[in-house]
Amino acid sequence: MDPIKEAMLHRSHSAKLERRGHLISLACISLIVVVVLAIFFFVASRGLATFFTNKINLFTFLTKSTWAPAVKDAHGIPQVGALPMIVGSFGVTFLSAVVATPFAVGAAIFMTEISPNLGKKILQPVIELLVGIPSVVYGFIGLSVIVPVIRTVFGGTGFGILAGTFVLFVMILPTVTSMTVDALKAVPRHYREASLALGGTRWQTISRVVLRAAMPGILTGIVFGMARAFGEALAVQMVIGNAALLPKDLISPASTLTSVLTSGIGNTVMGSLENNALWSLALLLLLMSLAFNLLIRWIGKKGEMK
Amino acid sequence: MQNYSLDDTYIKTLDPQTHELAVTTKDLRVFYGDNEAVHGVSLPFERYKITALIGASGSGKSTFLRSLNRMNDNIEGSRVTGEIMYRGVDINSQAVDVYEMRKHIGMVFQRPNPFAKSIYDNITFAPRRFGEKRKEVLDELVETSLKQAALWDQVKDNLYQSGLSLSGGQQQRLCIARAIAMKPDVLLMDEPASALDPISTSTVEDTLMALKEHFTIIIVTHNMQQAARISDYTAFFYSGQAIEFDETRKIFTRPKIKATDDYVSGHFG
Amino acid sequence: MSAKAIDKMMTGVLYLIAGIIVLLLAGLLGYILVQGLPHVSWHFLTSPAKSFEAGGGIGIQLFNSFYLLLLSMVISVPLALGAGIYLAEYAKKNWLTDVVRTAIEILSSLPSVVVGLFGFLVFVLQFKFGFSILSGALALTMFNLPLLTRNVEDSLRQVGFTQREAGLALGLSRWETVVHVVIPEALPGILTGMILGAGRVFGEAAALIYTAGQSAPALNFADWNPLHIASPLNPFRPAETLAVHIWKINSEGIQPDAAAVSAGASAVLILAVLAFNLLARWGGNRLYKRMTAG
């Protein structure tokens, strides 16, 4: 019989390798999906225990401002009010985004519209280096520079939301900047040319045409930055003061979901209410990260429709 | 644009008694999703001859060629029905090992695509993967395939430089050398000279003429002079169909179908 | 104010913003290096930390950081390669692939503290690995995997489809083509991503405080048997890393020289991360040139 015909009717070594390779790569990707599912499952099962096992009211959890799971109130119910941390987390997140956005957008405009050359040679590497600095280093600088400065200028201890805002501002600046750069670069050249040809100045072109066209991308960048700020743990924990109190101003000690988590998990007993309540905070953190994700997708879809 | 009837076809039959056939297709159809790109093409390809597939862009000739060694398998949403008979087996069936089959039905693409490896490795990469480790055999293989591809004299002193450092025409001949190093039966060529300058084109054509001693060649080309110069048979494709298939000199002198006549004489469309 | 004047003014404002950001980085680096470098000495880099007195070093933490980095890269690189290959080569365009991509996106945007807590729950408690290098390495793998995978996928996609066709037309399988043709060509991009990932892992602390732990037991650097408890290679020993150490001494440190030690440790950490960044740039470029040149 024809050997070539014979060979073609048998499974070749390559076919076996292909099958094996396909399976290996499938296993790798499946593992990632399983990990994500497991994270949700484990954190949710712990975090929900506060409400199902310890019968804490969800509404109480979200709106009461006394965080003392070990202490019972007049009705004998443990005081698990997460509002101080929720306010703290949202506070530092929004404030840092508010401060970072003008800088990030300004830097991005500088890099794409004003001086691409200097942008590429200086600002780009600067931004990349800022991304690379570990968060504990930011925390350390916050602790040893920003907190004392706030203390000197405003009085008080220096710890608080203001210090957290400053630290997070620097940390999310590169994220927002580089995503804004991408958004600005994606604006077609002829938009600019049309506006300039109509006699618009460079700034008019930027503010009326380029920024408007790039808006969805810029918003995405800002939300990414906020997601990062919301989830940042150690740098914030080092400068915020870690007092689970509803913040009355920006310069008194406060706390965030992440800061209470990092300082608390190690000091509570697994399965106790104190511990479960902390896992509820972790679950909240997880859900917020999911919410930021959805928001980013929604902005992306909106942007595409235009 | 003028429309030609798709019923008006002439496919010359080649008698297997007098012509040794390397590949024959029967009612070959290619679908991309719901779109049928090739409508039931049945053609014979004689051994040790060059068959040219000509026709306008989008006529389905390249798609047809790519389905002959099942390269369309890799395109998501594509589906090929019908028979491709090769050595008494329908290679379009799942029973056939597609990788083994492609060792015998090789392909050269429109754009030269050498690996980012040395010239030597470009040629020996696949044979080594298939188990040939003996250095003297590999050296010999490099020399003979480069000679057959008319590239040996230009690169014999630089076998270890990157294949990407060659000129476009040389890269394409390297790709031909790489394909023939597998000692295939059939060589499919998808406009192998379209990206080349006239001088490289004529070198590649000379190469093909020499190669048909050892290989059956099926070549898609846009260039009618090229088809006339090098091929023994020509198939004219129009709108996903093979409209006319005959000996090349007949196609270019006395085509039987009006569409073919208009196309080869430049009055098409 | 005329449009021209506004234009001039805004240009000035933008230059100012750019200048502030450059100064910000310069200030950050300058502060760390000026405060920290004087404290960095051979003694500081090699001797163990002290809890209650001055004069402690970061030797064990430094070793832990590198060992943890190595171990987590050993786990995550093959996984990222496999997953990246799947996404670039095998994933069909359907809802299942969308789900997978979404999962990776979610994982990459999870706060690292959540990843760390999950690691604590699963590896430390459930699998009983305890506070250990192994738990830490697995947590870092989860933290690093989505970004590495995306990098591998992007790098593979940079290689033209014609290269895959070339391999397939020779009778090689897709897998063989990817492993032997596409990956070598995508290597500069893949390596750059891996080194950047390594830098990220090196500075990560939040995912580690409850997985690799916050203590650095004394090590016997003469004992390289990974099964011995004092061996530096033992993957089941707790291992505070440099980044965790900085956090630890700043949040609850009682050493009299805590500020100096953290400045020194921060300087070392920053220099290491800088080195990773430079290596990624320089190495990627060099490799790219070598592969494309004749």
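This structure is a prediction, so every number in the text was calculated from the model and none was measured.

Quick notes on the rules
Residues numbered from 1 in each chain as written. Chains lettered and ligands numbered in written order. Predicted model: local features only at pLDDT ≥ 70, side-chain atom pairs only at ≥ 80, totals over all residues. Helix = DSSP H or I, 4+ residues; strand = E, 2+ residues; numbered from the N terminus. Rg over C-alpha atoms; globule rule 2.2 N^0.38 Å. Buried ≥ 20, exposed ≤ 12 C-beta atoms within 10 Å, placed from the backbone. Contact = placed C-beta atoms within 7 Å. Nonpolar A, V, L, I, M, F, W, Y, C, P; charged D, E, K, R; others polar. UniProt positions renumbered as here; feature names shortened; annotations may be inferred. Domains from an automatic or database assignment.

Asker: Would you explain the overall build of chain B in this entry?
Answerer: The number of helices and strands found in chain B is 10 helices and 12 strands. In terms of overall size, chain B behaves like a compact globule, its C-alpha atoms giving a radius of gyration of 19 Å where 269 residues would be expected to give roughly 18 Å. For the C-alpha atoms alone, the extent of chain B along its principal axes is close to 55 × 45 × 40 Å. Burial status across chain B gives 49% buried among its 269 residues. Long-range pairs, those at least 24 residues apart, make up 69% of the contacts in chain B with a sequence separation of at least 6.

Asker: Which parts of the structure should I look at to understand the interface of chain C and chain A?
Answerer: Buried accessible area, meaning the area lost when the parts come together, often serves as the stated size of an interface. Listed by partner, the interface residues are 68 residues for chain C and 69 residues for chain A. When residues of the side of chain C that touches chain A are traced back to their parent elements, those giving at least two are α1 (3-36), α3 (59-90), α4 (95-109), α5 (112-126), α6 (133-158), α8 (174-203), α9 (242-252) and α10 (258-292) of chain C. Counting residues per element, the side of chain C that touches chain A draws most heavily on α1(C), at 17 residues. Residues of the side of chain C that touches chain A, tallied by class, amount to 49 nonpolar, 14 polar and five charged.

Asker: Explain the interface of chain A and chain B to me, please; I cannot follow it from the model alone.
Answerer: The interface is formed by 11 residues belonging to chain A together with 11 residues belonging to chain B. Sorting the residues of the side of chain A that touches chain B by element identifies α1 (3-8) and α2 (13-52) of chain A as the ones contributing at least two each. Considering each element in turn, the side of chain A that touches chain B owes the most residues, four residues, to α1(A). A breakdown of the residues in the side of chain A that touches chain B according to their chemical character gives five nonpolar, three polar and three charged.

Asker: How should the UniProt feature "domain: ABC transporter" (unreviewed entry) in chain B be read in this particular structure?
Answerer: According to UniProt, the "domain: ABC transporter" (unreviewed entry) feature falls on residues 23-264 of chain B. Summarising residues 23-264 of chain B: 38% helix, 26% strand, and an end-to-end C-alpha distance of 25 Å.

Asker: Looking at this model, I keep getting lost on unusual backbone geometry. Mind explaining?
Answerer: Leaving glycine out, the prevailing phi sign among residues is negative, and the prevailing peptide bond configuration is trans. Residues and elements named next belong to chain B. The residue Arg70 is not glycine, and still its phi comes out positive at about 60 degrees. The exposure class of Arg70 is partly exposed, given the 19 C-beta atoms found within 10 Å. Phi is positive for Ser239, close to 55 degrees, though the residue is something other than glycine. Accessibility expressed as a C-beta count within 10 Å gives 15 for Ser239, which makes it partly exposed.

Asker: I tried to follow the domain arrangement of chain A on my own but got confused; where do I start?
Answerer: All names here are of chain A. You can read the domains of chain A as domain 1 (1-53) and domain 2 (83-305). Here the C-alpha centroids of domain 1 and domain 2 sit 36 Å apart. Between domain 1 and domain 2, the residue contacts involve eight residues of the former and eight residues of the latter. Each residue belonging to the side of domain 1 that touches domain 2 can be placed in one class, and the counts come to four nonpolar, three polar and one charged.

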